[in-house]
Amino acid sequence: MTARPTGVLLLQLGTPDSTSTRDVRRYLREFLSDPRVLDMPAVARRALLELVILPFRPRRSAHAYRQIWTDRGSPLLALSNDLVDALSQRLGPAYRVALGMRYRNPPVAAAVTDLLDAGCERLVLIPLFPQYSSAATGSAVQRALDEIGQRVNVPGIAVAPAFYDHPGFVEAQAALAAPMIEEHRPDHVLFSYHGLPEKQIRTSDTTGSWCLASATCSSEMTTQNRFCYRAQCHVTTRVIAERLGLQPGSFSTAFQSRLAGQKWIEPYTDRVIVDFAERGIRRLAVLTPSFTTDCLETLEEIGIRLRNQWADLGGESLALVPCVNTHPLWVDGLAGMVESVGMRA
């Protein structure tokens, strides 16, 4: 009997179908209606969404998307499709790779159908988020499992863990950063991660007494904070900085993309650069290693808005290091992850 392929489901967050305000509103409504994203009572979440966010944010976000949209459409979608192609070629015919967006298109349901219709008897789920969070990883995995669980015949399933310190990810990010740092000679290197509300960090603490309870709670990974997004971000910073040979004090960690209404993890990216400018730092390099694929939060939020803010503060230059995207070291590392995790499906 011919061996059936192993299915690989790459899970991404999502993107609007176009830069129209209508499509952006549709995307934001779906995204921010997720209780894992806006972790609050349903009535409060609906009020915030309908009265505060959706009347104003879609137009601003649509403008932001227009700044980065390409001939291929959304950079996140185009680059994610490139990763599907690269990983498929690397893994060979024993595997079938599909992409599912947690919000909008291509939907997770269509990706699952594609894999099961191809006869895959095992599925490997790869959430493309280096650090674990309930809002991104948890939500995407939940959506995939809900969809798979509706099938009469449920295949073997394995879920890849967070890969915040995985050698393939670290080596690829360092390989992208090293030549830019060598050429740019920054005064400081900033590692900017997507932010989360402090409430979500505390909720992930299985002990209820560790995360955000002290200034050193994220200084190392322990059994108490093994699901802590903030702690995993700090580990990512340390291992990439070590790989790059950065000296203590020459790099730091901050968090971007916060929403009003809740206290988010600090320090904030757009505020730390004010401090940098006051300290006489003029040349800045920025890495965004909570993302594997360049998207609105890297290309527009950092590459355009933060760069403009930095110039207004007197900064001479800001070098934005690309995400790992389809770097060969990342594709190889991801393939190894698939093969290892797939053995458990």
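Quick caveat: nothing in here was measured; it's all calculated off a predicted structure. (Residues numbered from 1 in each chain as written. Predicted model: local features only at pLDDT ≥ 70, side-chain atom pairs only at ≥ 80, totals over all residues. Heavy atoms only, no water.)

Draft legend 1. Spotlight on the packing of aromatic side chains. With the rule as written, the count across this model stands at nine aromatic pairs. Centroid distance Phe163 to Phe169: 5.6 Å. Interplanar angle 75 degrees. Geometry classified as edge-to-face. Under the relative-accessibility criterion, Phe169 is labelled buried at 0%. Relative to Trp330, the ring of Phe163 lies with its centre 5.2 Å away and its plane at 35 degrees, an arrangement referred to as tilted. Placement of Phe163 in the loop between strand E4 (156-159) and helix H7 (167-184) and of Trp330 in helix H12 (residues 328-342) is noted, with a sequence separation of 167 residues between them. By the burial criterion, Phe163 is buried, and Trp330 matches it. Taken together, the ring pairs connect Tyr27, Phe31 and Tyr103 into an aromatic cluster. (Phe/Tyr/Trp six-rings, centres within 6.5 Å; stacked < 30°, edge-to-face > 60°. Buried < 20%, exposed > 50% of the residue type's maximum accessible area, 1.4 Å probe, protein only. Helix = DSSP H or I, 4+ residues; strand = E, 2+ residues; numbered from the N terminus.)

Draft legend 2. Quick look at the side chain of Thr288. When you line up the elements, Thr288 lands in the loop between strand E7 (283-287) and helix H11 (296-312). Leaving out residues up to four positions away in the same chain, Thr288 has contacts with Ser192, Gln256, Thr298, Ile302, Leu320, Val321 and Cys323. (Contact = heavy atoms within 4.5 Å.)

Draft legend 3. View of the packing of helix H1 (residues 21-32) against helix H3 (residues 57-68). Interaxial distance between H1 and H3 falls to 8 Å at its minimum, and their mutual angle equals 110 degrees. What the angle tells us is that H1 and H3 run roughly perpendicular. H3 is crossed by H1, and the crossing has right-handed handedness. Along its contact with H1, which presents Thr21, Val24, Arg25, Tyr27 and Leu28, the element H3 presents Arg57, Pro58, Arg59, Ser61, Ala62, Tyr65 and Arg66. For the contact of H1 with H3, the per-class residue count stands at six nonpolar, two polar and four charged. (Axes fitted to C-alpha atoms, helices over the stretch in contact; angles between N-to-C directions. Parallel < 35°, antiparallel > 145°, perpendicular 65-115°, else oblique. Left-handed = near helix turned anticlockwise from the far one by under 90°. Nonpolar A, V, L, I, M, F, W, Y, C, P; charged D, E, K, R; others polar.)

Draft legend 4. Local environment of H3. In this model H3 runs 17 Å from its N-terminal to its C-terminal C-alpha over twelve residues, within 8% of the 16 Å that 1.5 Å per residue would give. Pro58, Ser61, Ala62, Ala64, Tyr65 and Ile68 are the residues of H3 that are buried. Along the axis of H3, the buried positions cluster into a sector of 165 degrees, meaning they face one direction only. Opposite the buried face of H3, at more than 90 degrees from it, the exposed residues are Arg59 and Arg60. Buried residues along H3 sit against strand E1 (6-15), H1, helix H2 (42-53), helix H4 (75-91) and H11. (Expected span 1.5 Å × (residues − 1). Arc of directions from axis to C-beta.)

Any link to function would need more than the numbers given here.
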